[in-house]
Amino acid sequence: GGGGGGGSSECPSGLYTLQGCCCQVPFSYAGKSWSECIELDHDGPWCYVEEQNCGTAEAETGQFWDHCAKGPPPTSGSSKAKTISPYKHPNGLETRYCGDSKSSWHNPWEFDDFCPDGWVCNFRCESELFCPACAGKNCACVQVQDPGGTCGDGSNRPPEYSHRECGSRRCVFNCVACTNCNGGNCICEEEPDPTKAHST
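Note that the structure is predicted; figures quoted are calculated from it, not measured.

A. How the structure looks around the overall build of the protein. Across its full length, the protein holds zero helices and eleven strands. Going from N to C terminus, the protein has its helices and strands arranged as β-β-β-β-β-β-β-β-β-β-β. Every one of the 200 residues in the protein was classed for burial, and the buried ones make up 38%. Within the protein, contacts between residues at least 6 apart in sequence are counted, and of these 45% link residues at least 24 apart. Summing over all exposed atoms, the protein offers an accessible surface of approximately 11,300 Å²; the carbon and sulfur share of this is 50%.

In structure tokens:
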């Protein structure tokens, strides 16, 4: 049996992968049951994922797997960054890279303190390919947007990785059947008004 889960944004395990998939735990591998990411036979922690077509398909089984991330971004910044460098973003705004390979920290929210007030550090991948971490100029300071502004453009990720780019902390898809926020596919949503929550 087994009942239904919550909304599509829910991840029952709370374990996320670098491509924003949700780890399926427990999962069976090598004759054992695992309840967390494992490093067996891969160059880093990984898991099988809940979704189809998220991550990488295993040739033998067709099951999808991906490398594990540290989970979705926390809502507050921290000060673990080591270096920054000047950067002109393709959209013409003067901003700067945040996070690089000299640091042992890889997640963009760990570099927020190196961006100006009102800006956050987030993924802005150099190439069309998925970029796993900030090293190699894959993160930049991004100005926090009001509702209606675009978020996550260039992150090569779904909107849950770009909530911090919105003043409302809500970045959502603005398209049908798209898989990431590139090209203006995601916008900042207004915070729900508690007084209107129950009206139609």
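B. Broad picture of the state of the cysteines. A complete count under the given rule lists twelve disulfides for this structure. The disulfide partner of Cys-175 is Cys-178, and the gap between their sulfur atoms is 1.7 Å. Across the S-S bond linking Cys-175 and Cys-178, the dihedral sits near 55°, which makes this disulfide right-handed. Here Cys-175 falls in the partly exposed class, since its relative accessible area comes to 26%. Paired through a disulfide, Cys-181 and Cys-186 show a sulfur-sulfur distance of 2.1 Å. Between Cys-181 and Cys-186, the disulfide has an S-S torsion of -80° and is therefore left-handed. No difference in accessibility class separates Cys-181 from Cys-186, as the two residues are buried.

C. View of empty space enclosed by the protein. Scanning the model with the defined rule gives one cavity of 30 Å³ or more in all. Approximately 30 Å³ is the volume attributed to the largest cavity. Looking at the largest cavity, the residues that line it are Leu-18, Ala-69, Asn-107, Trp-109, Phe-123, Arg-157 and Tyr-161. Residues of the lining of the largest cavity, tallied by class, amount to five nonpolar, one polar and one charged.

D. Spatial organisation of the pairing of strand E9 (residues 139-143). Burial runs high along E9: four of the five residues are buried. As judged from the five bridges shared by strand E8 (residues 119-123) and E9, these two strands associate in the antiparallel manner. When the sheet's bridge partners are listed, Phe-123 is paired in E9 with Cys-139.

E. Expanded view of the nonpolar core. Core analysis: the biggest nonpolar cluster contains 15 residues, and Cys-98, Phe-111, Cys-115, Cys-121, Phe-123, Cys-139 and Cys-141 have the highest contact counts within it. Taken together, the elements giving at least two residues each to this core come down to E8 and E9. Broken down by element, this core gets its largest block of residues, three residues, from E8. Ranked by size, the runner-up nonpolar core spans 13 residues in total, among them Cys-21, Ile-38, Tyr-48 and Val-49.

F. Representation of the environment of Cys-131 within the structure. With respect to the helices and strands, Cys-131 occurs in the loop between E8 and E9. A relative accessible area of 4% means that Cys-131 is categorised as buried. On a C-alpha basis, the gap between Cys-131 and Ser-155 in space is 8.2 Å, while along the polypeptide they are 24 residues apart. Once residues lying within four places of it in the same chain are set aside, the contact partners of Cys-131 are Phe-123, Cys-125, Asn-138 and Arg-157.

Cut-offs and rules
Residues numbered from 1 in each chain as written. Predicted model: local features only at pLDDT ≥ 70, side-chain atom pairs only at ≥ 80, totals over all residues. Heavy atoms only, no water. Helix = DSSP H or I, 4+ residues; strand = E, 2+ residues; numbered from the N terminus. Buried < 20%, exposed > 50% of the residue type's maximum accessible area, 1.4 Å probe, protein only. Contact = heavy atoms within 4.5 Å. Areas by Shrake-Rupley, 256 points an atom, 1.4 Å probe, with all protein chains shown as cover. Disulfide = S-S within 2.5 Å. 1 Å grid on protein atoms, 1.4 Å probe; cavity = no way out; pocket = protein on both sides within 12 Å on 5 of 7 lines; lining within 4 Å. Points joined across faces, edges and corners; volume = space filled by probe spheres on them. Nonpolar A, V, L, I, M, F, W, Y, C, P; charged D, E, K, R; others polar. Pairing = 2+ DSSP bridges. Core = buried A, V, L, I, M, F, W, Y, C linked by side-chain atoms within 4.5 Å.

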